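# Tertiary structure, described
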Amino acid sequence: MAAQPEREFDLIVVGASFAGAACALAAVQYGLRVCVLERKRDPGMKLHTTGIVVKEAAEHTWLNRMPSHLVRRVEGVRLYAPNLRSLPLQAPNYYFLTTDTPNLMRWLAGELEAAGVDLRLMQSFTRTDELPDDPRGRWHLPGIGRARWLVGADGAKSRVAQRCGLGAVRDFLYGVEHEFAGAALDEPGALHCFLDRRLAPGYIGWAAQGPTGVQLGLAFRHRPDRAGVPDIDAFRRKVGDCLGIPASRAPDAVRAGLIPCGGPVRPLARPGALLTGDAAGIVSPVTAGGIHSAWRHGWAVGEAVARHLRDGGPSPERGAERAAPRYRLKRALRAAFDLAQCDWPVNLLLSTPPVRRAARQVFFHR
């Protein structure tokens, strides 16, 4: 296939996941010339996300257009102590959507193209030349073209951040998820969350009924002194009977990867270059939920660039910094979870009103 000629863009976004897509869609709504680079040939390949969409994102962002066959509504949470005693949790009118994440990402790529975004698949970001005095754009990406702004939405190990001297994500969870096609949980209407310091130090295990089967995952706090990967096989042996998943069944797909958990990086922006999504650390330090926050921040970045170019609005760099969630309380909870996680208080106190109130705050934002 012949190489495309270089073009001039207002904005080049690296990464076509939720934050990058939101940024591009916001900018193109204002008539900006937008290019999105995605290193994968198929946006649904090699995913690291469970793809759970909270009510706020499902109702108040572009994601309210998701095709119904790609989502499944889950209206409650069941929280398990290490001894497998459980606490059911619900909030009036609140829900989550589990997703067929691979096909959701393919749908999102189609939305980009339908909106007029120049989506370049199989296009890695390897280098860029900075040309601050060039009227055609500050950034030149060989084989792509020039752009006034460059946005890194390229994950926790962002190459854009490295090239542009922006902040790096340094605090991670490491997660592994198994997917069982066609399987069904005994209680499909709940998001199942398991606390266990031995198997999931610094985080949790989880199981959810998706549109195409069951997603079962386990993650721990990634540290240099913690070798190996989460023992998801031991986790399956422990919780399989609770969920209705035979421990002997092999998974149909496996995902694994690093998840930021330290809050927004600093600096998040510099003249002409900005970060969003996992690259910016826009992920809850407690729950590791990132889709809603990433979408909101990515959209704010794209809109800030557009308003600056079209209406002479404030600098996009300032807008990106201001739009980043601070997570002050959640960062404090993350530190406490890292330092003081114990199993016996959870076993003893799971059903008490204070624990119930705290869990409702974490899962339902209330």
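Please read these numbers as outputs of a predicted model, since none were measured by experiment.

It is worth spelling out the overall build of the chain at this point. Helices and strands together make up the secondary structure of the chain, namely ten helices and 18 strands. Relative to the 2.2 N^0.38 estimate, which gives 21 Å for 366 residues, the radius of gyration of the chain is 21 Å and therefore close to what a compact globule would have. Taken over the C-alpha atoms alone, the chain extends approximately 65 × 40 × 40 Å along its principal axes. For the chain, the exposed surface amounts to about 16200 Å²; the carbon and sulfur share of it is 51%. Counting 49 positive and 35 negative side-chain charges, the chain places the centres of these two groups 4 Å from one another.

This paragraph deals with the packing of helix α1 (residues 18-29) against helix α3 (residues 101-115). Working note: a packed helix pair is described by the angle between its axes plus the distance between those axes. At a minimum axis separation of 10 Å, α1 and α3 run at an interaxial angle of 20°. As the angle between them shows, α1 and α3 are arranged roughly parallel. The two elements α1 and α3 cross, and the hand of that crossing is left-handed. Contacts between α1 and α3 involve Phe-18, Ala-21, Ala-24, Leu-25 and Val-28 from the first element and Leu-104, Met-105, Leu-108, Glu-111, Leu-112 and Ala-115 from the second. Of the residues that constitute the contact of α1 with α3, the class distribution is ten nonpolar, no polar and one charged.

Sheet architecture is open: three strands sit in the order β3-β7-β4, paired in antiparallel fashion. Here the strands that pair on one side only, and so sit at the sheet edges, are β3 (53-54) and β4 (71-74). Strand direction decides the pairing type here: β3 and strand β7 (residues 96-99), joined by two bridges, are antiparallel. From the neighbouring strand, Val-54 faces β7, where its bridge partner is Phe-96.

Next up on the list: a nonpolar patch on the surface. A cluster of nonpolar residues, Trp-344, Leu-348 and Leu-349, forms a patch on the protein surface that exposes about 360 Å² of accessible area. Locating Leu-348 in the fold gives a position in helix α9 (residues 343-349). Assessed through its relative accessible area of 58%, Leu-348 is described here as exposed.

Mapped onto the secondary structure, Pro-316 falls in helix α7 (residues 316-323). A sequence separation of 207 residues divides Pro-316 from Ala-109, and the C-alpha atoms of the two residues are 25 Å apart. Residues contacting Pro-316, with those up to four places away along its chain left out, are Trp-149, Leu-274, Ala-304, Val-305 and His-308.

Moving on, we come to the sheet that holds strand β15 (residues 213-222). In space, the seven strands of this open sheet follow the order β6-β5-β13-β14-β15-β12-β16, with mixed pairing throughout. Each end of this open sheet is capped by a strand with a single partner; those strands are β6 (86-89) and β16 (253-260). Between one strand axis and the next, the sheet turns by 20° as a mean value, whatever way the strands run. Here strand β12 (residues 172-181) runs beside β15; their pairing, made up of ten bridges, is antiparallel. Considered in β15, the bridge of Phe-172 is made with His-222.

Our next topic: the packing of aromatic side chains. Inspection of the entire model under this criterion finds seven aromatic pairs. Relative to Phe-96, the ring of Tyr-94 has its centre 5.5 Å away and its plane inclined at 75°; by these criteria the two rings are edge-to-face. Comparing Tyr-94 with Phe-96 shows no difference in burial state: the two are buried. Each residue in the set Tyr-80, Phe-194 and Phe-235 is aromatic and connected to the rest through ring pairs, giving one cluster. Across from the ring centre of Trp-62, 3.7 Å away, lies the NZ or CZ of Arg-65, which sits over that ring. In this arrangement the basic side chain of Arg-73 is found over the ring face of Tyr-95, its NZ or CZ atom lying 3.9 Å from the centre.

Core analysis: the largest hydrophobic core is formed by 97 residues, its most contacted members being Ile-12, Val-34, Leu-63 and Trp-295. Ranked by the residues each element gives to this core, the list is headed by α1, at eight residues. Among all residues touching Ile-12, those that are not within four sequence positions of it are Cys-35, Leu-37, Leu-141, Ile-144, Ala-147, Trp-149, Leu-150 and Val-151. Membership of the second largest hydrophobic core comes to 18 residues, among which are Val-176, Val-214, Leu-218 and Leu-243.

The subject of this paragraph is unusual backbone geometry. Here the bond from Arg-266 into Pro-267 is cis, since omega is -5°, no more than 30 degrees from zero. Here Pro-267 shows up in the loop between β16 and β17 (269-270). With a phi close to 55°, Met-122 is a non-glycine residue in the positive phi region. For Met-122, the position within the fold is in the loop between β8 (118-121) and β9 (129-130). In this structure, Tyr-327 is a non-glycine residue whose phi angle is positive, near 55°. Judged by its relative accessible area of 11%, Tyr-327 is buried.

Next up on the list: helix α5 (residues 232-243). Between the first and last C-alpha of α5 there are merely 15 Å, a value that for twelve residues lags more than 12% behind the 16 Å anticipated at 1.5 Å per step. When α5 is considered as a whole, its buried residues turn out to be Ile-232, Ala-234, Phe-235, Arg-236, Val-239, Gly-240 and Leu-243. With its phi angle positive at about 90°, Gly-244 sits one or two positions after the end of α5.

In this section: the packing of α1 against helix α6 (residues 291-311). Packing of α1 against α6 brings their axes to within 7 Å, and their N-to-C directions diverge by 30°. The orientation of α1 relative to α6 falls into the category roughly parallel. In the packing of α1 onto α6, the handedness of the crossing is right-handed. Listed contacts from α6 to Phe-18, Ala-19, Ala-21, Ala-22, Cys-23, Leu-25, Ala-26, Ala-27 and Gln-29 of α1 are Ile-291, Ala-294, Trp-295, Gly-298, Trp-299, Val-301, Gly-302, Glu-303 and Ala-306. In terms of residue class, the contact of α1 with α6 is built from 14 nonpolar, three polar and one charged.

Each value, and the rule that gives it
- Residues numbered from 1 in each chain as written.
- Predicted model: local features only at pLDDT ≥ 70, side-chain atom pairs only at ≥ 80, totals over all residues.
- Heavy atoms only, no water.
- Helix = DSSP H or I, 4+ residues; strand = E, 2+ residues; numbered from the N terminus.
- Rg over C-alpha atoms; globule rule 2.2 N^0.38 Å.
- Areas by Shrake-Rupley, 256 points an atom, 1.4 Å probe, with all protein chains shown as cover.
- Lys, Arg positive; Asp, Glu negative; His and termini not counted.
- Charge placed at Lys NZ, Arg CZ, Asp CG, Glu CD.
- Axes fitted to C-alpha atoms, helices over the stretch in contact; angles between N-to-C directions.
- Parallel < 35°, antiparallel > 145°, perpendicular 65-115°, else oblique.
- Left-handed = near helix turned anticlockwise from the far one by under 90°.
- Contact = heavy atoms within 4.5 Å.
- Nonpolar A, V, L, I, M, F, W, Y, C, P; charged D, E, K, R; others polar.
- Pairing = 2+ DSSP bridges.
- Patch = residues over 30% accessible without salt bridge, like charges linked within 9 Å, V, L, I, M, F, W, Y side chains within 5 Å.
- Salt bridge = Lys/Arg side-chain N within 4 Å of Asp/Glu carboxyl O.
- Buried < 20%, exposed > 50% of the residue type's maximum accessible area, 1.4 Å probe, protein only.
- Phe/Tyr/Trp six-rings, centres within 6.5 Å; stacked < 30°, edge-to-face > 60°.
- Lys NZ or Arg CZ within 6 Å of the ring centre and 35° of its normal.
- Core = buried A, V, L, I, M, F, W, Y, C linked by side-chain atoms within 4.5 Å.
- Expected span 1.5 Å × (residues − 1).

It is worth stressing that arrangement in space is one thing and function is another; only the former is reported here.
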